[in-house]
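# A look at the structure
If you want the building blocks of each chain, they are given just below.
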Amino acid sequence: MTHHVPAFLPEALYSKSQLYIRRGFRAKQAGDLDEYQLWASLALELLGKAALAKISPALIADPTHQESLFSACGVQIGTDLKTITAKTLFLRLPHITKDFDSDVQKFCEQSALKRNAELHSGELPFTAASQEAWDKKYWYAIAVILVAQGRSLEEWLGAEDAKAPKQVLEDTQHAINGAVAERIQRKAEEFQKAYKNNQKREEVINASENIRAWDYFREFATGADEYWLAVCPSCTAKGVLAGLIWSEEISDEYDPDDPMVEFVDNTYLSEEFRCPTCGLALLGRREVVAANLPEEIQVRETREREFEPGYGND
Amino acid sequence: MNLDKLVVDGWCDFSGDYENLAEVILECGSALGRPVPARGQEVVQELCPIVCEAAYPRSLSALFGQGSFPLHVDTAHWPTPCRYIVLGCVEPGSDLRPTLLLDTNTLNLSEEEHRLLNTTTFRIRCGRGSFYGTILSPDRGFIRYDPGCMEPMCSLGEQALKLLATERWSELAERIVWRKGRVLVIDNWRMLHGRASTCANDSSRKLLRVLVK
């Protein structure tokens with residue numbers, strides 16, 4: 001007989017996350033920002049687990065604990081149930097939404113570490129942290145995780161309580177757009193000053209056509225899976241985008257002239273941009289997107305066919 | 001679309017003078033479930049009789065060319081075959097080659113024949129996605145049958161394949177004669193379908209297909 005247990009029910013996790021953020025708001029209204037951030041960090045983790053559990057409860061069951069795995073699959077063989085750690089959760093979330101980039105992941109991991117320090121040590125990890133800076137990152141992470149499970153801030157918080165976080169998100173996006181635009185403009189001006197001669201400037205730009213993306217991997221803060229060239233929005237030379245793998249698919253395409261090869265289509269999401277020519281640096285997916293650079297790239301690999309081609313009714 | 005007929009008979013059809021037949025069958029498919037692409041291609045796929053040499057290496061066309069196709073279920077090589085197929089006729093071709101439809105619910109199979117279909121193991125060959133399975137199973141509500149990709153693992157398997165072969169059922173099968181603008185909806189979990197043979201293997205027939213999960 002199969003039945004579902006609350007520990008892994010997406011609805012239960014989601015509802016609990018709502019309850020916890022409300023407790024956080026009450027603490028904030030009472031002036032206790034430490035307690036606010038504690039409840040908020042718990043709400044974040046529960047919301048993330050709800051997003052994964054919506055795909056399958058097995059995604060949040062502790063994989064080393066068979067009672068939990070069975071329960072998550074609808075067969076209860078024990079009552080002691082365990083879910084995945086926050087670290088594992090935040091490693092899995094990037095696979096269900098492109099917007100859960102490395103910046104968001106780092107913030108969520110730090111939030112979980114602070115939560116642990118708050119609960120299990122004598123430290124005061126939430127005290128003296130910049131509330132404004134924390135708010136910006138927190139609400140963005142929450143918004144990304146909500147969208148991943150087809151929800152909105154209004155649904156999670158109620159229309160009234162959602163107003164302030166939405167304003168934070170709008171203001172933050174506005175600030176990012178402004179900062180990126182200003183940085184692009186500044187680098188463009190510096191580049192123009194450095195190369196006043198039109199011909200010399202053209203030569204430098206043309207020379208960038210020959211750069212090899214992977215030669216610049218040491219310049220990047222992110223450890224990327226792929227590097228590729230893109231036109232720099234500041235100087236128009238070729239710069240380098242770094243990205244993380246999002247998906248790998250084996251193509252059904254078949255080369256009749258070379259039946260022993262297969263094509264693998266990999267999609268990489270942009271995380272960081274650096275221009276070796278003018279020095280423009282854009283960190284994180286939001287800055288890359290704000291600069292109108294490509295958000296992703298598909299790269300086709302050719303490799304020796306491991307299996308015969310697939311079958312089709314055609 | 002006559003959903004009652006689809007439920008009762010396992011298929012239904014309708015016709016019209018459509019400017020955009022692809023849109024019509026896609027809408028039909030969307031009303032029934034989730035249209036999905038085959039082989040990573042477009043969701044609306046063109047099907048025309050082609051010679052073996054021009055076909056994908058692992059396909060019904062590669063095996064049978066422009067000739068008849070045996071009765072089969074589309075996407076029998078998927079772990080769960082698609083639920084419905086929506087076919088639309090762009091061009092019936094000069095030989096008006098019909099599509100055969102066989103309702104597996106109406107076959108008068110003996111207990112022994114049922115047992116054979118339920119227990120005989122096949123290799124369902126589909127590249128890296130290959131697996132073993134049976135034609136029928138008490139654990140699922142669909143039939144899995146496609147001689148193009150199902151290889152018997154023993155002599156009983158050959159017998160099982162023959163139980164549903166076109167030769168045995170062609171008289172009982174419904175013959176859908178195509179005309180431009182005709183749309184056919186098939187319950188792919190229940191109905192077998194195949195391309196009938198004709199004297200001339202005309203390659204001008206063109207159908208559009210949408211697979212629906």
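First, a word on what this report is: a plain description of the structure on this page. Within each chain, residue numbers correspond to sequence positions counted from 1 in written order. To label them, take the chains in the order written and letter them from A, then take the ligands in the order written and number them from 1. In keeping with the model being predicted, local features are shown solely for residues with a pLDDT of at least 70 and side-chain atom pairs are shown and tallied solely at 80 or more, while totals for entire chains, interfaces and linings include all residues. By convention in this description, side-chain values take in all heavy atoms of the structure and omit both hydrogens and water.

## A closer look at the overall build of chain A
Under the scheme used here, helices are H or I runs from DSSP no shorter than 4 residues and strands are E runs no shorter than 2 residues, and both carry numbers assigned from the N terminus. In terms of helices and strands, chain A carries 10 helices and five strands. If one aligns the C-alpha atoms of chain A with their principal axes, the spans along those axes are about 70 × 60 × 35 Å. Any residue under 20% of the maximum accessible area for its type is buried, any over 50% is exposed, and the rest in between are partly exposed; the area is computed with a 1.4 Å probe on protein chains only. Within the span of chain A, comprising 314 residues, buried residues form 45% of the whole. We call two residues in contact whenever any of their non-hydrogen atoms come within 4.5 Å of each other. Here the contacts in chain A between residues at least 6 apart in sequence split such that 62% fall between residues at least 24 apart.

## Description of the overall build of chain B
Helices and strands together make up the secondary structure of chain B, namely six helices and 12 strands. Two things to know: the radius of gyration comes from C-alpha atoms, and the globule rule equals 2.2 Å times the number of residues to the power 0.38. Scaling as 2.2 N^0.38, a compact globule of 213 residues should have a C-alpha radius of gyration of about 17 Å, and chain B matches this with 17 Å. Considered along the principal axes of its C-alpha atoms, chain B spans approximately 50 × 40 × 35 Å. The buried share among the 213 residues of chain B stands at 53%.

## Some words on the nonpolar core
Counting residues in each nonpolar core, the largest one holds 48 residues, and the members touching the most others are A:Tyr138, A:Trp139 and A:Trp156. Listed by contribution, the elements that provide at least two residues to this core are helix H1 (10-29), helix H2 (33-55), helix H4 (86-92), helix H5 (102-120), helix H6 (131-148), helix H7 (153-157) and helix H8 (159-194) of chain A. By residue number, the principal contributor to this core is H2(A), which donates 12 residues. Every residue in contact with A:Trp156, bar those within four places of it in the chain, is listed here: A:Tyr14, A:Ser17, A:Gln18, A:Ile21, A:Arg22, A:Ala43, A:Leu47, A:Tyr138, A:Trp139, A:Ile142 and A:Leu146. Residues enter a nonpolar core if they are buried and are Ala, Val, Leu, Ile, Met, Phe, Trp, Tyr or Cys, with the set joined through side-chain atoms within 4.5 Å. Of all hydrophobic cores here, the second largest spans 29 residues; its members include B:Phe69, B:Phe122, B:Cys126 and B:Leu164.

## Section: the sheet that holds strand S5 (residues 99-103) of chain B
Residue and element names in this part refer to chain B. Read from one edge to the other, the open sheet built from three strands follows the order S9-S5-S11, with strand pairing classed as antiparallel. Each edge of the open sheet is held by one strand with a lone partner, namely strand S9 (174-176) and strand S11 (191-195). Strand after strand, the sheet turns through a mean of 25° between neighbouring axes, direction not considered. Only when DSSP finds a minimum of two bridges between them are two strands counted as paired. Structural elements are reduced to axes, namely lines fitted to C-alpha atoms, with helices fitted over the stretch in contact, and the angle between N-to-C directions of any two is expressed from 0 to 180 degrees.

## Topic: the pairing of strand S1 (residues 226-231) of chain A
Residues and elements named next belong to chain A. Relative to strand S2 (residues 238-250), S1 is paired through six bridges, and the arrangement is antiparallel. Along S2, the bridge assignment pairs Val231 with Lys238. Joining the antiparallel neighbours S1 and S2 is a turn of six residues, in which Thr236 adopts a positive phi near 65°.

## Looking at the packing of aromatic side chains
Ring pairs shown here join Phe, Tyr and Trp side chains whose ring centres sit within 6.5 Å, with only the six-membered ring taken for Trp; geometry is labelled stacked below 30 degrees between planes, edge-to-face above 60, and tilted in between. Tallied over the entire structure, the rule returns 15 aromatic pairs over all chains. Seen from their ring centres, A:Trp134 and A:Tyr138 are 4.5 Å apart, and the 10° between their planes marks the pair as stacked. One end of the pair, A:Trp134, and the other, A:Tyr138, are both in helix H6, four residues apart, so they sit about a helical turn from each other. For the residue pair A:Trp134 and A:Tyr138, the accessibility class agrees, reading buried in each case. Ring geometry for A:Trp139 versus A:Trp156: centroids 6.4 Å apart, planes at 70°, classification edge-to-face. Taken together, the positions of A:Trp139 in helix H6 and A:Trp156 in helix H7 put the pair 17 residues apart, joining distant regions of the chain. Taken together, the ring pairs in this structure connect A:Phe25, A:Tyr36, A:Phe107, A:Trp134, A:Tyr138, A:Trp139 and A:Trp156 into an aromatic cluster. Only Lys NZ and Arg CZ are tested; either one counts as a charge over a ring when it is within 6 Å of the ring centre and within 35 degrees of the ring normal. Sitting over the ring of A:Tyr14, A:Arg151 keeps its end group 3.9 Å from the ring centre. Lying across the ring of B:Trp11, B:Lys5 places its NZ or CZ 4.0 Å from the centre.

## As for the interface of chain A and chain B
How big an interface is tends to be expressed through the accessible area that disappears when the partners come together. Listed by partner, the interface residues are 14 residues for chain A and 25 residues for chain B. Here chain A meets chain B over a buried area of about 1,700 Å², counting both sides, of which 49% is carbon and sulfur. By buried area we mean how much accessible surface two parts lose on assembly, using a 1.4 Å probe and totalling the loss over both. Together, A:Tyr311, A:Asn313 and A:Asp314 form the three largest contributors to the area buried by chain A at its contact with chain B, with a combined 52%. The partner of A:Glu308 in a salt bridge is B:Arg125, and the shortest N-O contact between them spans 2.4 Å. Here a polar contact means two N or O atoms within 3.5 Å. Within protein one must be a hydrogen donor candidate and the other an acceptor candidate, and residues neighboring in sequence count only if both atoms are side-chain atoms. Here chain A and chain B share 13 residue pairs in polar contact (both at pLDDT 80 or more) between them. In what follows, salt bridge is the name for a side-chain nitrogen of Lys or Arg lying within 4 Å of a carboxyl oxygen of Asp or Glu.

## Here we look at the packing of H2(A) against H5(A)
Residues and elements named next belong to chain A. Axis separation between H2 and H5 bottoms out at 9 Å; the angle between their running directions is 125°. In terms of orientation, H2 and H5 fall into the oblique class. Considering the relative orientation of H2 and H5, their crossing is left-handed. Contacts from Leu38, Ser41, Leu42, Leu44 and Glu45 of H2 reach H5 at Phe107, Cys108, Ser111, Arg115, Glu118 and Leu119. Each angle is binned into one of four classes, with values under 35 degrees roughly parallel, values over 145 roughly antiparallel, values of 65 to 115 roughly perpendicular, and all other values oblique. Left-handed describes a crossing whose near helix is turned anticlockwise from the far helix through less than a right angle; right-handed describes the clockwise counterpart.

## With respect to the pattern of salt bridges
Within the structure shown, the criterion is met by 36 salt bridges over all chains. A:Lys82 is the partner of A:Asp80 in a salt bridge, and the nearest nitrogen-oxygen pair spans 3.1 Å. A relative accessible area of 44% places A:Asp80 in the partly exposed class. Here A:Lys82 falls in the partly exposed class, since its relative accessible area comes to 34%. It is possible to trace a salt-bridge network through shared partners that takes in A:Glu308, B:Arg58, B:Arg123, B:Arg125 and B:Glu151.

## Some remarks on unusual backbone geometry
One non-glycine residue with positive phi stands out, namely A:Thr236, at about 65°. Inspection of the secondary structure assignment puts A:Thr236 in the loop between S1 and S2. Within the chain, B:Thr75 stands out as a residue other than glycine whose phi angle is a positive 55°. Mapped onto the elements of the fold, B:Thr75 is located in the loop between helix H3 (60-64) and strand S4 (84-91).

## A look at the environment of B:Leu161
Residues and elements named next belong to chain B. Mapping Leu161 onto the fold places it in helix H5 (residues 155-163). Sequence spacing of Leu161 and Met150 is 11 residues, and the spatial spacing of their C-alpha atoms is 8.8 Å. Apart from residues no more than four positions distant in its own chain, Leu161 is found in contact with Phe122, Tyr145, Met150 and Pro152.

## Side note on the sheet that holds strand S7 (residues 131-133) of chain B
All names here are of chain B. Strand order in the open sheet made by the three strands is S7-S6-S8, with antiparallel pairing throughout. Bordering the open sheet on either side are S7 and strand S8 (150-152), each of which pairs with just one other strand. For this sheet the average axis-to-axis angle between neighbouring strands, irrespective of direction, equals 35°. Two strands pair when backbone bridges link them, and strand S6 (residues 122-124) and S7 are joined in this way by three bridges, in the antiparallel orientation. Each bridged residue has a counterpart across the sheet, and for Ile124 the counterpart in S7 is Phe131. Contacts from H5 reach S6 and S8 within the one sheet, and its direction differs from that of S8 by about 135°.

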